[in-house]
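Residue-level structure breakdown
What follows is each chain in one-letter form.
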Amino acid sequence: MPWTRENYPESLKNFTATVRNKAIEIANALLEEGYDEGRAIAIATDRAKEWAENRGKRVRKDE
């Protein structure tokens, strides 16, 4: 099931919108490549956090 800005995994709720949207984008691409949902979201979360940190962006809402 592809995720959207309104419908995303609970594990992304504490991320900033920018990081959450990047994770959704990455996860959906991984799903298209055949990854299962759990693995796709885990990989996407790590990659989105790295993406944000490399750009000096906040990762979590509470930072």
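Criteria and cut-off values
Residues numbered from 1 in each chain as written. Predicted model: local features only at pLDDT ≥ 70, side-chain atom pairs only at ≥ 80, totals over all residues. Heavy atoms only, no water. Helix = DSSP H or I, 4+ residues; strand = E, 2+ residues; numbered from the N terminus. Buried < 20%, exposed > 50% of the residue type's maximum accessible area, 1.4 Å probe, protein only. Polar contact = N/O pair within 3.5 Å; in protein donor to acceptor, adjacent residues only side chain to side chain. Contact = heavy atoms within 4.5 Å. Axes fitted to C-alpha atoms, helices over the stretch in contact; angles between N-to-C directions. Parallel < 35°, antiparallel > 145°, perpendicular 65-115°, else oblique. Left-handed = near helix turned anticlockwise from the far one by under 90°. Nonpolar A, V, L, I, M, F, W, Y, C, P; charged D, E, K, R; others polar.

What follows is about the side chain of T16. Within the secondary structure, T16 is located in the segment before helix 1 (17-32). Residue classification places T16 among the buried positions, given a relative accessible area of 11%. One polar contact links the side chain of T16 to the main-chain carbonyl oxygen of R58, over a distance of 3.3 Å. Contact partners of T16, with chain neighbours within four places excluded, come to R58, V59, R60 and K61.

Let us look at the packing of helix 1 against helix 2 (residues 37-54). Contact geometry of helix 1 with helix 2 gives a least axis separation of 8 Å together with a crossing angle of 140 degrees. Classed by the angle they form, the pair helix 1 and helix 2 counts as oblique. For the crossing formed where helix 1 meets helix 2, the hand is right-handed. Mapping the contact onto sequence places T18, V19, K22, A23, I26, A27, L30 and L31 in helix 1 and E37, A40, I41, I43, A44, R47, A48, K49, W51 and A52 in helix 2. Per-class residue counts for the contact of helix 1 with helix 2 are 13 nonpolar, one polar and four charged.

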